[in-house]
Amino acid sequence: MSSLSRELVFLILQFLDEEKFKETVHKLEKESGFFFNMRYFEDAVGNGEWDEVEKYLSGFTKVDDNRYSMKIFFEIRKQKYLEALDKRDHAKAVEILAKDLKVFSTFNEDLFKEITMLLTLQNFRENEQLSKYGDTKSARSIMLIELKKLIEANPLFRDKLQFPSLKNSRLRTLINQSLNWQHQLCKNPKPNPDIKTLFLDHTCGQTNGARAPSPVPTNHLMGPMHKVGGFPPMGGPPLYQHAPAPMPNSLAGWMANPSSMPHQTLSMGPMGLTPPNNAADSEHVLKRSRPSGIPEEASSTANLFHLLANNLPVNIMPSNIYPGQSRAHSMYSADDLPKTVVANLNLGSAVKSMDFHPSQLTLLLVGTNIGEFFLWDLSSGERITSKKFQVWELGACTMILQASLANEYTASVNRVLWSPDGRLFGVAYSKHIVQLYAYFGDGDLRNHLEIDAHIGSVNDLAFSHPKQQLSVITCGEDKIIKVWDAATGAKQYTFEGHEAPVYSVCPHHKEHIQFIFSTDVDGKIKAWLYDNMGSRVDYDAPGHSCTTMAYSSDGTRLFSCGTSKDGESYIVEWNESEGAVRRTYIGLGKRSVGVVQFDTAKNRILAAGDEFNIKFWDMDHVNILSIIDADGGLPASPCIRFNREGTLLAVSTSDNGTKILANAEGMRQVRSIENRAGAASKAPMVGTYGASGSAAGTSVGADRSSSLGPVITLNGESRNLPDAKCRISDELVKPKSWKLTEINEQSQLRSLRLPDSLLSVRIIRLIYTNSGGAILALAYNAVHKLWKWQRNERNTTGKATSAVPPQLWQPSSGILMTNDISETNLEEAVPCFALSKNDSYVMSASGGKISLFNMMTFKTMTTFMPPPPAATVLAFHPQDNNIIAIGMEDSSIQIYNVRVDEVKTKLKGHQKRVTGLAFSNALEVLVSSGADAQLCVWSVDGWEKKASKYLQIPSGRSSNPLAQTRIQFHQDQTHVLVVHETQIAVYEASKLECIKQWFSRDSGLSITDATYSCDGQTIYTSFDDGSVSIFTAVGLKLRCRISPTAYMPTTSSRVYPLVVTAHPSEANQFALGLTDGGVHVLEPLETEGKWGNVPPQENGGDQSSR
């Protein structure tokens, strides 16, 4: 159909709508397929008119058109199915299952089986993923949010969601214009012509009167049409309103087939089943016709945004958005913003860049204009370390840099940034250099790499994983972008094409596509893939502004903020698929000083430092949400940075400092600052650490001889300290002698014994759920116990805490999760369990068959693998919940596929029962440990044994021949903690090289268990005398010891912890499972905020005695 014919259809649609031919309007919309009326669709879904919903959709797409369409139809039919179940209409539900949902079984058979299983439940809400399903109305509303996003993302709906911008009654106006023209051509026009038909051209009869005046467009000869029954014309604005057109700087010409993308990521289904393989879709994308002018060899990569638009995952599974979980589109509350000033850092020089640690939310890195950087722990009020600009190996630098430094040995920090895992951070300087530091926690900072990266200033740096290895991206004054291997410093890629100094870089990835955005000081934006084929796009930032770009934390939305040479600033959201501006936020100044900096938080908030204030926006609304001045003292364009959770905001000040702003949660995180300050009569807390030697690989120690150190103070206290040196007493500056923290009394910590109405039997296994809101225990008698914390006024997060007792949870049926113990000798059994990632299922054994339990209903879903041999340890494959590694009593390891009930392979290498299993995604290995005190490393690809090594048993210690050896990977996925009754040790996993070992010289004392804290900085270790020791993860330095008298009211030599588990998000919380059946949650006092202090370097030897 020609474009004019298409436009005629739109005119007819407008006319029919104005004349209230409602059914006809929607039939024409469907039959023409030109306009998808989202308002009509929403009404139909809200009213549950499912047949009409699918009929209307059929005019635009079919079930099997693409993955978006498939998920749209699936969501609708799933909702229809759940409503039938909710009405107890099982006959209808079975009919929907057979007629409507069966089609999806070919794409995901497991999901179809799970949906079918809902028929067996008395109430489908017994399924944990559906437990928060509310009433029908709210469920439809929540589903509609998901459907709208899917429709917006579906390329088949491209250009069909917005009605053209038309003036009211446009068709009638055109007819009037035609009639006026016809009347003008009449030989004898009448002054007041009588129009009786449109079927024939208009003519005026003979008359002796004068010729009528020339018509004008507003001279309506044709009046409004009235339907039979006398309907008046519609008043008010027409239904079809047009949204603002995208900016002309679009990437549409660079794309083969641009499509509109949703604002938020498409939600994954809650049942946790593997989505269909997208390989075919990816291949289809790459085989599509390429745009003209792009060579054939570049066709698979040239259209970056096209690939991004067509390669997003759409999972054919239920949506996990139910009441209490919905992504509300209402305005974000200003009360949740970090607006309260809780601390001031006096740095002595102007702040240029800041970054919070990705997992330690109160660890702040700050770089200044004199080349110095500082590392602060806001929770303790301590400055961990600082370092001034110094070239590590001047002789290895270019002659240009050497000459520049000979003239002036100073440089400014342009950028500081943590790596994604927090193990490294980079510092980019204004002179050629980028330095990378390795951070091992507890003040252990070491030089890692020094790169002479650019001629002139290095303006920005970023980290990425282009080939599953960490790389560093830099850009500079020399107009070049470079990519370096973060491990070796080898240069991997060089990107040239900018005509001005490159100001910033923003790497990202969508599925398997890795790319980099770069901006220069003249406002040009380019996009690069990791190859040598040049930039894939070249377009202008709004106002040709010097711009930085950033994604929302979930990676689904792209924003930029910049300032033009005239001082006008812009903050916008981009439509990635089209390269056009999606929305422009209102409120930035027209005469900004310097380049305005911005940041994002919680996938909902934008913040920018502008006009001596901090301005906040809700991402979904263009108008300013809130403006604060942080109690004054901010520069014209302050530097700002959120922590990962958006609970803290660091803001630079005009007096060479930084203010820390917090919301309610952030204030809790840094509350120890206030408590300590109050205890010290509100004296300012000082941390003046200097830098040690600069040779690569050396450690930065604690040198308090710095003449002027940063000062951290509380809100409202001693804000302005121009002469900080005068105020620091000698007592505070001198290093304090370190002393091990001993906790012997209940008043020295916070502890809670969990309530238990069941039989108290010793706890053999213990774990927090992945959500952090519950604790699961397995007792000696094969019974599982589940404690859940409820969200209430005393516990607003709903997470596990020692402040509020949880509920020992049981389903309404009253059943218990009990393992099979028929024909089992419990004294010889080695109980084990493994929890699924979504906390829905637990796989468990106590010497008998392996049982799979539903965590919501406690029902046994299946049992398998009857002994002998019995299972002794279980581990889910990290990438496929249907694959399980099972350690056996007979020393073998079986790789079992639950879906097909088949052992894929059997691994043999141990001499005794297997007691530990742990997967590493990064290394693609499985590490196993056994009662033979042997460690083995197995390749996941092929399951060959790569290495093995026996533990080093301390001299003079004899090991129990059946002693369990347990293992756990550090969060870096390369180091593994090994726990044996004689020792704890840290190994490098790929080669099984022992890095550090700790053992007790008390031969009568045995370790019962140990675990990493969630941030990987601490190791909690329990002993058979009831005590708990807390070590640093690096160096295994003892920092705190907890006596059993501190958490047990009455102590007995026969009561001690058998297992210890760490909270998944609270680094200082852990739980103990005791021999008397008790479970205790332990946390440090709020005034302390952590377990003891880190031993200084000189005291950090091999502490192998107690």
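The numbering scheme is per chain: residues are counted from 1 as the chain's sequence reads. Restriction of local features to residues with pLDDT of at least 70 applies here, the model being predicted, together with a cutoff of 80 or more for giving and counting side-chain atom pairs; totals for whole chains, interfaces and linings are based on all residues. Here the side-chain values reflect all heavy atoms present in the structure, with hydrogen atoms and water set aside.

Asks: Honestly, the packing of aromatic side chains in this entry has me stumped. Any pointers?
Replies: Aromatic rings from Phe, Tyr and Trp, taking only the six-membered ring of Trp, are treated as a pair when their centres fall within 6.5 Å; an angle between ring planes under 30 degrees marks them as stacked, one over 60 as edge-to-face, and anything in between as tilted. Enumeration according to the criterion identifies 31 aromatic pairs in this entry. With centroids separated by 5.3 Å and ring planes inclined at 85°, the aromatic side chains of Phe 35 and Phe 163 adopt a geometry described as edge-to-face. Taken together, the positions of Phe 35 in the loop between α2 (22-32) and α3 (38-46) and Phe 163 in the loop between α8 (136-153) and α9 (170-184) put the pair 128 residues apart, joining distant regions of the chain. Of the two residues, Phe 35 and Phe 163, neither departs from the other in class, the shared state being buried. Ring geometry for Phe 36 and Phe 157: centres 5.0 Å apart, planes at 90°, overall edge-to-face. Taken together, the residues span a long stretch of sequence, with Phe 36 in the loop between α2 and α3 and Phe 157 in the loop between α8 and α9 at a distance of 121 residues. Buried means the residue's accessible area, taken with a 1.4 Å probe over protein chains only, is under 20% of the maximum for its type, while exposed means over 50%, and partly exposed covers the values in between. Phe 36 sits in the buried class, given a relative accessible area of 0%. Assessed through its relative accessible area of 1%, Phe 157 is described here as buried. Clustering of aromatic rings is evident, with ring pairs tying together Phe 36, Tyr 40, Phe 41, Tyr 56, Phe 60 and Phe 157. Put simply, DSSP H or I for four residues or longer makes a helix, DSSP E for two residues or longer makes a strand, and each gets a number counted from the N terminus.

Asks: How should I be thinking about the packing of α3 against helix α4 (residues 50-57) in this particular structure?
Replies: Relative placement of two packed helices is described by the angle separating their axes and the distance separating the axes. Working convention: axes come from line fits to C-alpha atoms, limited for helices to the stretch in contact. Angles between N-to-C directions cover 0 to 180 degrees. For the pair α3 and α4, interaxial distance at closest approach is 8 Å and the crossing angle is 150°. Compared by their axis directions, α3 and α4 come out roughly antiparallel. The interaxial crossing formed by α3 with α4 has left-handed handedness. Together, Tyr 40, Phe 41, Ala 44 and Val 45 of α3 and Trp 50, Glu 52, Val 53, Tyr 56 and Leu 57 of α4 make up the contact between the two elements. Amino acids outside the nonpolar list (Ala, Val, Leu, Ile, Met, Phe, Trp, Tyr, Cys, Pro) and the charged list (Asp, Glu, Lys, Arg) are all regarded as polar, and Gly is one of them. Across the contact of α3 with α4, the residue classes break down as eight nonpolar, no polar and one charged. Roughly parallel means an angle under 35 degrees; roughly antiparallel, over 145; roughly perpendicular, 65 to 115; everything else is oblique. Crossing chirality is assigned from the near helix's rotation relative to the far helix, an anticlockwise turn below a right angle marking it left-handed and a clockwise turn marking it right-handed. We call two residues contacting when some pair of their heavy atoms lies within 4.5 Å.

Asks: Got a minute to help me understand the pairing of strand β59 (residues 1070-1074) in this structure?
Replies: The side chains of a regular strand alternate between the sheet's two faces. Buried residues dominate β59, accounting for five of its five residues. Across the two faces of β59 the burial is the same, with Phe 1070, Leu 1072 and Leu 1074 and Ala 1071 and Gly 1073 all buried. Pairing between two strands requires that DSSP report at least two bridges joining them. Across five bridges, the pairing between strand β58 (residues 1057-1062) and β59 is antiparallel. Within the sheet, the bridge partner assigned to Thr 1061 lies in β59 and is Ala 1071. Pairing of β59 with strand β60 (residues 1079-1084), which is carried by four bridges, proceeds in the antiparallel orientation. Within β60, the residue paired with Ala 1071 across the bridge is Val 1081. Connecting β59 to the antiparallel partner β60 that follows it, the hairpin turn spans four residues, and Gly 1077 within it adopts a positive phi of roughly 90°.

Asks: Help me understand unusual backbone geometry in this model?
Replies: Cis geometry marks the peptide bond from Pro 867 to Pro 868; its omega dihedral reads -5°. For Pro 868, the position within the fold is in the loop between β41 (860-864) and β42 (871-877). Even without being a glycine, Ala 630 presents a positive backbone phi close to 55°. Structurally, Ala 630 can be placed in the loop between β25 (624-628) and β26 (640-642). In the Ramachandran plot, Asn 656 falls in the positive-phi region, its phi being about 60° despite a non-glycine side chain. Here Asn 656 lies in the loop between β27 (648-652) and β28 (657-662).

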